[in-house]
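Inside the fold
Spelled out, the chains give:
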Protein chains: 2
Amino acid sequence: MPDTVKYVLDESRIPKAWYNLQADLPRPLPPVLHPGTKKPVGPDDLAPLFPMELILQEVTTERDVPIPGPVRDVYRQWRPAPLFRARRLEKVLQTPARIYYKYEGVSPAGSHKPNTAVPQAFYNREAGVKKLVTETGAGQWGSSLAFAGALFGLDVQVFMVRVSYDQKPYRRALMEAYGARCIASPSNLTQSGRAILAQRADHPGSLGIAISEAVEIAAQNDDTKYALGSVLNHVLLHQTIIGIEAMEQLEMAGDYPDIIVGCTGGGSNFAGIAFPFIGAQLRGGKKVKVIAVEPAACPSLTRGRYAYDFGDTAHLTPLAKMHTLGSTFTPPGFHAGGLRYHGMAPMVSHLQELGLISATAYHQTKVFEAGVQFARAEGIVPAPEANHAVKGAIDEAIRCREEGTSRAILFNLCGHGHFDMQAYIDYFGGRLKDLDYDQKELAMALAGLPSVVEPA
Amino acid sequence: MPDTVKYVLDESRIPKAWYNLQADLPRPLPPVLHPGTKKPVGPDDLAPLFPMELILQEVTTERDVPIPGPVRDVYRQWRPAPLFRARRLEKVLQTPARIYYKYEGVSPAGSHKPNTAVPQAFYNREAGVKKLVTETGAGQWGSSLAFAGALFGLDVQVFMVRVSYDQKPYRRALMEAYGARCIASPSNLTQSGRAILAQRADHPGSLGIAISEAVEIAAQNDDTKYALGSVLNHVLLHQTIIGIEAMEQLEMAGDYPDIIVGCTGGGSNFAGIAFPFIGAQLRGGKKVKVIAVEPAACPSLTRGRYAYDFGDTAHLTPLAKMHTLGSTFTPPGFHAGGLRYHGMAPMVSHLQELGLISATAYHQTKVFEAGVQFARAEGIVPAPEANHAVKGAIDEAIRCREEGTSRAILFNLCGHGHFDMQAYIDYFGGRLKDLDYDQKELAMALAGLPSVVEPA
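To start, this report covers the structure provided alongside it. (Residues numbered from 1 in each chain as written. Chains lettered and ligands numbered in written order. Predicted model: local features only at pLDDT ≥ 70, side-chain atom pairs only at ≥ 80, totals over all residues. Heavy atoms only, no water.)

Notes on the overall build of chain A
- A tally of regular secondary structure across chain A gives 19 helices and 15 strands.
- On C-alpha atoms alone, chain A measures out to a radius of gyration of 20 Å, which is about the 23 Å that the 2.2 N^0.38 rule sets for 456 residues.
- In terms of overall dimensions, chain A has a C-alpha envelope of 60 × 50 × 45 Å along the principal axes.
- Within chain A, buried positions represent 66% of all 456 residues.
- Excluding contacts between residues fewer than 6 apart, the proportion of contacts in chain A whose partners are at least 24 apart in sequence is 77%.
- About 15,000 Å² of surface is accessible on chain A, with carbon and sulfur atoms providing 49% of the total.
- Taking the 45 positively charged and 46 negatively charged side chains of chain A as two groups, their mean positions are separated by 4 Å. (Helix = DSSP H or I, 4+ residues; strand = E, 2+ residues; numbered from the N terminus. Rg over C-alpha atoms; globule rule 2.2 N^0.38 Å. Buried < 20%, exposed > 50% of the residue type's maximum accessible area, 1.4 Å probe, protein only. Contact = heavy atoms within 4.5 Å. Areas by Shrake-Rupley, 256 points an atom, 1.4 Å probe, with all protein chains shown as cover. Lys, Arg positive; Asp, Glu negative; His and termini not counted. Charge placed at Lys NZ, Arg CZ, Asp CG, Glu CD.)

Some remarks on the relation of the copies chain B and chain A
- The two copies are related by a screw motion: chain B maps onto chain A through a turn of 180° and a shift of 0.0 Å along the axis, at an RMSD of 0.0 Å. Such a combination of rotation and displacement between the chain copies is what one expects of a two-fold axis.
- Both copies share a contact surface, since 100% of the interface residues of chain B are interface residues in chain A too. (Least-squares fit on C-alpha atoms with pLDDT ≥ 70 in both.)

Points about the sheet that holds strand 9 (residues 224–226) of chain A
Residues and elements named next belong to chain A.
- Taken in spatial order, the 4 strands make up an open sheet running 8-7-6-9, and their pairing is parallel. Of all strands in the sheet, those with a lone pairing partner are strand 8 (181–185) and strand 9, marking the two edges. Averaged over all neighbouring strand pairs, the angle between strand axes comes to 25°, with direction disregarded. (Pairing = 2+ DSSP bridges. Axes fitted to C-alpha atoms, helices over the stretch in contact; angles between N-to-C directions.)

Focus: the interface of chain B and chain A
- Contacts between the two partners involve 45 residues from chain B, matched on the other side by 45 residues from chain A.
- With both sides pooled, the region where chain B packs onto chain A buries about 3,800 Å², and carbon together with sulfur makes up 58% of that total.
- Contact with chain A buries surface across chain B, with Q77(B), Y170(B) and H418(B) losing the most and accounting together for 19% of the total.
- Put simply, chain B and chain A have 0 salt bridges between them.
- Put simply, the parts of the chain that give the side of chain B that touches chain A at least two residues each are strand 1 (4–7), helix 3 (69–75), helix 6 (140–152), helix 8 (169–177), helix 16 (364–378) and helix 18 (421–428) of chain B.
- The dominant element in the side of chain B that touches chain A, judged by the number of residues it contributes, is helix 8 of chain B, at 6 residues.
- Taken together, the residues of the side of chain B that touches chain A sort by class into 27 nonpolar, 8 polar and 10 charged. (Buried area = accessible area lost by both parts, 1.4 Å probe. Salt bridge = Lys/Arg side-chain N within 4 Å of Asp/Glu carboxyl O. Nonpolar A, V, L, I, M, F, W, Y, C, P; charged D, E, K, R; others polar.)

Thoughts on the environment of A377(A)
Residue and element names in this part refer to chain A.
- Mapped onto the elements of the fold, A377 is located in helix 16 (residues 364–378).
- Using a relative accessible area of 5% as the deciding quantity, one classes A377 as buried.
- Along the primary structure A377 and V5 are separated by 372 residues, whereas in three dimensions their C-alpha atoms are 13 Å apart.

Topic: the pairing of strand 5 (residues 98–103) of chain B
Residues and elements named next belong to chain B.
- Counting buried residues in strand 5 gives 5 out of 6 residues, a clear majority hidden from the surface.
- Alignment of strand 4 (residues 83–86) against strand 5, held across 3 bridges, turns out to be antiparallel. The partner of L83 across the bridge, within strand 5, is K102.
- Here 6 bridges tie strand 5 to strand 15 (residues 408–413), and the two strands are oriented parallel to one another. Looking at the pairing, R98 lines up with A408 of strand 15.

As for the sheet that holds strand 14 (residues 358–362) of chain A
Residues and elements named next belong to chain A.
- Taken in spatial order, the 7 strands of this open sheet run 1-4-5-15-10-11-14, and their pairing is mixed. The open sheet is flanked by strand 1 (4–7) and strand 14, the only strands paired with a single partner. Neighbour-to-neighbour, the strand axes of this sheet turn through a mean angle of 25°, independent of strand direction.
- Contacts between helix 12 (residues 241–253) and the sheet are confined to strand 1, strand 4 (83–86), strand 5 (98–103) and strand 15 (408–413), with strand 5 contributing the most and set at about 140° to the helix.

With respect to the pattern of salt bridges
- Enumeration over the complete set of coordinates arrives at 48 salt bridges over all chains.
- In this structure, D24(A) engages R283(A) in a salt bridge whose closest nitrogen and oxygen atoms are separated by 2.9 Å. Taken together, the residues D24(A) in the loop between strand 2 (17–19) and helix 1 (43–46) and R283(A) in the loop between helix 13 (268–282) and strand 11 (289–295) connect sequence positions 259 residues apart.
- With a shortest N-O distance of 2.7 Å, R407(B) and E403(B) are connected by a salt bridge.
- When salt bridges with common partners are traced through the structure, they connect R79(A), K102(A), E104(A) and E245(A) into a single cluster.

Below, the structure written as structure tokens:
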């Protein structure tokens, strides 16, 4: 077998439907609640923020949700994404494990985010929307929505977390190259932003605050909708194209994963690779060990509480049951900006409660060590977020070596690190610190969780 | 026809041989001369710098040069590279032209450079070489050789032009992520570097100086060879995989180019896309109009002299006949760092003398305007170098509109701009200046050309 083993699907095999895990859940998701009445929300409650097609996708229990032709048309630009067997890495690790990775960095924005940005832009354009507003952390999502907006003729406005806005001018420039407007959050453009700035003029921002700003703008303007890059069911749904393709590609390889690894921030790339396999297991297929890898500095799955919480800091969003660190929690400034969210996708949280997935957390130095080892073996420099999945996969491969068992490990390499080289510079310079969250802040944020009597 | 039209080759169709234009030239290339004797060099003269396989490729007149299995194996990671029909751009331009672009930004280093870095690393490893030393401008080449070195277990040392070293820390970090050592040039590590620094301690460097440093190190160490990312025949040979694939992909499209556009610095990506089509024409095939696009600030083809010159500033290299601005010429600091070389590949220069290609030069503001128009239509943000080709292609498409004729235009999108966003920031901020070369400096550099009595 040669060192480079790539499994390629013909573009006619771009999936025609996304896979909806809600169809196969043994227990349904707890309902999303209205923040005022604390009763389950209906489609109309969400209509100011999203077009009806996406609201329906949020709640549907149909197993297969068709991918519209114009979305598949754009997907064709970079999909099907390649699946690689990491033969060189296996040799370096001297592991009997068979390591596979799905590479989503081939998209024009360099990550998996366009998988949902494109359908979101499409459904909004179909609904007559003129402008999308969103938030972004590291900028992967903002630049992906900017890309999709450019292709579908929509204005895009992005509230970028202030600390990333200052640290990552290149991501901002990418959004502007696609014609989007990028604003540092907290900003003076919204009531939510002004309230935060009044408390602290140099506030570094957070995803929760940026979401508040974006939601506020969308709610106030008829031709403007909101778009979210993770967490929500329809976003996770769109990402399942990753796992559906991977399943076909592993079939080409004559293999099936024993272990699946993904990094988790809001949960979308993890869901993308894992849900189709979890669904197959729930329908009687082979059992897979599914591992969510999160940063130790923002550990919603391993240290958060499973409770109803707001998606944003200003409490403009509905309440969702999820693993949360509390909506006021601000993680320290570690480098995987895409994993700095206080909550976890309700669907991913639900799976953890059902015992269908497990979670583990790593500090960033070890994560970058794994990323550099991967880069030198496989030739691709991963995004800091993706390094978490790399670390998880390497640890499983080492376990295989120690136990002398050959298992198939599949992980999602959700993006390249070309926009994140400052993190590597800091790593090589010995300036990367293993940051921890502030325990007192976490306790306070958890104490501030809204009190909710759960519906029966 | 949908908006996204991608022509994909199955990986079994990665070419099995590179195409050597020397087989079909109506007049052979002028010989390369020894700088001391000014007589044609033989293979032994080049042996301190290159492994014999590459020296033989430099002079062979065989039409098809087989691609070794281990090289094709690595190519498989990202090849065959996609060919796109730029339907959205055509619509924006309202042109009847059919615009196609070959996209080389899908490689792990983000450009076409790994096409030659991989075979160079392979042949060196086969020859028992332990270490490669090279120069780089913007860093595309240095990071590609670092990538290839990592895969073939070779140490890589890169002399990076000081001004780029300071401006582009991310490229440097990419090289280091692959395990290479990157040094600002001029440096204190070589006699050539020390001589320059003695004249001017804050010298910004040039490709010519960096080449001198790399050649000096290679010549002094038995287990160390030199690698060049453009200009030489074997480098251009390796890049022909671009055009060979494009020819097959256009066959899938049922089309054939009337016009081919590539940007030119040293000439390698231009050669890659154009040579297979020029060869077909020379063997009786259809005539194509081939346009080399260069920066107005470093215009070797449009303002240089066709003469014997050194490849480097310290005059350590052999003499090659090429369009040159003089080996002491230092261009102003415009953003397409990959196009800042004083000379042009002898083979490309020869084609211009034969009337088989033409050249045009643009200032950078218009070039970035074209790049942004392309990004918003096609969703890919090009490297500053590639923007030159985009501009050339757009101008030809507009000419088609004005003349009311539908022609097929093929251009090489040789890399993405993810490492070059500072250039876009400057463009959007109105800080991009249309730099010109210093006329006095050019005159001086040309006056300093070596005097050579050409062999009959």
